[in-house]
Amino acid sequence: MDVILTGDRPTGKLHLGHYVGSLKRRVEMQNSGKYEKIYIMIADAQALTDNADDINKVRNNISEVALDYLSCGLNPEKSTIFIQSQIPELCELSFYYMNLVTVSRLQRNPTVKNEIQMRGFKQSIPVGFFTYPISQAADITAFKANLVPVGEDQLPMIEQTREIVRSFNTLYDGVLVEPTAVLPENSTCSRLPGLDGAAKMSKSLGNCIYLSDSSNDIKKKIQSMFTDPTHLRVEDPGHTENNPVFIYLDAFCRDEHFAAFLPSYKNLEEMKEHYRRGGLGDGTVKKFLNEILQSELKPIREKREMLSGDLGQVFAMLKKGSEHAREIAAQTLDEVKSAMGINYYKGNGFCKR
Ligand code: TRP
């Protein structure tokens, strides 16, 4: 049976892009009961690789991300939710995996290259940041995960992990499991654009709807959304492709929403046709989108508010999850050291290989 591991860096609260791109799917996977184990990791140690000077940001966002998880329906009874830095075995695994990867291989990683550029590191790249793909291989292999649900930008990390697993299993005994990435089902969900139409919803661009936003914030943000710049008057024909409002509808709208909030159309296709023909104003479309998002986000926000009243309970949940995760990682580390022949004191005295 399949074992899943995935995670997020705690550098900010989670937004609608995270929700459609990954959280919703995780909850479905969790509730399907089809998986042997599901591990969800808050990757604080990875977040520190480019935030060493801002520990508080990472610290404070651990509980924010945990609240986002729980309010979306991740359930600690079914999924192990844990904090990366609480599993020291991951560092030990990384240390041995570092010998299986060359500097030039890391330099070729397109995601790391892109992040180095975006962060303006130039010649001052922290070593920890540069090597985080190796530590991510430790995260995945420590739990023998064979499935890793991630966004497209993480594919190079999974490929790097697969290479490390193959090298390890060839050089030593084959104790590690080669993982496969699980991508979001459709492109709308894998990359929700920002409110301003930018390619991605991102905290630094200030174009996000957060899971914790108030109902009023959501309404105001939707009203300010970009639409089709050529659709100036209601009568003008409009474009639905590359129109953020319609992309959000593609991601969230179901036929029932029309029955409930806009019965003059049967489905999204009918509404889109009207928009393309002309005669359907942006205000109506936005109002409809607002109804849908309010109904989707209200239960999440309410659960979040309730849980945030008892952070002690959230931290206790994370502690328990981390203790369980640590046991599993320690078992794998033990197997890894035995496979390498460096478990010297296992058994009686200084063991032979
Ligand atoms: N790199 C991932 C991100 O930035 C977070 C992460 C760390 C991760 N370790 C992982 C994801 C292991 C999947 C598996 O979002």
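### Section: the packing of aromatic side chains
Step number 1: In total, this model carries 11 aromatic pairs according to the counting rule given.
Step number 2: A centroid spacing of 6.4 Å and a plane angle of 75° characterise the contact between Tyr 97 and Phe 168, whose relative ring orientation is edge-to-face. Of this pair, Tyr 97 sits in helix 4 (residues 89-97) while Phe 168 sits in helix 9 (residues 155-171), and the two are 71 residues apart along the sequence. For the pair Tyr 97 and Phe 168, a shared accessibility class is recorded, and that class is buried.
Step number 3: Every member of this aromatic cluster is reached through a ring pair, and the members are Tyr 39, Phe 82 and Phe 143.
Step number 4: Directly above the ring of Tyr 132 sits Arg 9, whose terminal nitrogen or CZ lies 4.7 Å from the centroid.

### A look at the side chain of Asp 139
Step number 1: Along the chain, Asp 139 turns up in helix 8 (residues 132-142).
Step number 2: Summary of buried charges: Asp 139 has no salt-bridge partner, and the nearest side chain of opposite charge, Arg 9, is 8.9 Å away.
Step number 3: Polar side-chain contacts of Asp 139 include one of 3.0 Å to the side chain of Gln 84.
Step number 4: Each residue touching Asp 139, except ones within four places of it in the same chain, is listed here: Leu 5, Met 41, Gln 46, Gln 84 and Leu 90.

### Quick word on the packing of helix 3 (residues 55-72) against helix 16 (residues 311-340)
Step number 1: At their nearest, the axes of helix 3 and helix 16 sit 10 Å apart, and the two run at 90° to each other. In terms of orientation, helix 3 lies roughly perpendicular with respect to helix 16. Two secondary-structure elements touch here, helix 3 through Ile 62, Ser 63, Ala 66, Leu 67 and Leu 70 and helix 16 through Leu 311, Val 314, Phe 315, Met 317 and Leu 318.
Step number 2: Its residues placed into classes, the contact of helix 3 with helix 16 shows 9 nonpolar, 1 polar and no charged.

### Concerning the nonpolar core
Step number 1: In this structure, Leu 16, Tyr 69, Leu 249, Phe 252 and Met 271 are the most contacted members of the largest nonpolar core, which totals 59 residues.
Step number 2: Of the residues forming this core, the biggest block, 8 residues, is contributed by helix 15 (residues 282-308).
Step number 3: Two domains each provide a minimum of three residues to this core, namely domain 1 (2-191 + 311-340) and domain 2 (215-307).
Step number 4: Beyond its immediate stretch of four places on either side in the chain, Phe 252 contacts Leu 16, Tyr 19, Val 20, Leu 192, His 257, Ile 292, Leu 293 and Glu 296.
Step number 5: If you look at the next biggest cluster of nonpolar residues, it comprises 37 residues, including Tyr 97, Ala 137, Ile 140 and Met 340.

About the cut-offs
- Residues numbered from 1 in each chain as written.
- Predicted model: local features only at pLDDT ≥ 70, side-chain atom pairs only at ≥ 80, totals over all residues.
- Heavy atoms only, no water.
- Phe/Tyr/Trp six-rings, centres within 6.5 Å; stacked < 30°, edge-to-face > 60°.
- Helix = DSSP H or I, 4+ residues; strand = E, 2+ residues; numbered from the N terminus.
- Buried < 20%, exposed > 50% of the residue type's maximum accessible area, 1.4 Å probe, protein only.
- Lys NZ or Arg CZ within 6 Å of the ring centre and 35° of its normal.
- Lys, Arg positive; Asp, Glu negative; His and termini not counted.
- Salt bridge = Lys/Arg side-chain N within 4 Å of Asp/Glu carboxyl O.
- Polar contact = N/O pair within 3.5 Å; in protein donor to acceptor, adjacent residues only side chain to side chain.
- Contact = heavy atoms within 4.5 Å.
- Axes fitted to C-alpha atoms, helices over the stretch in contact; angles between N-to-C directions.
- Parallel < 35°, antiparallel > 145°, perpendicular 65-115°, else oblique.
- Nonpolar A, V, L, I, M, F, W, Y, C, P; charged D, E, K, R; others polar.
- Core = buried A, V, L, I, M, F, W, Y, C linked by side-chain atoms within 4.5 Å.
- Domains from an automatic or database assignment.

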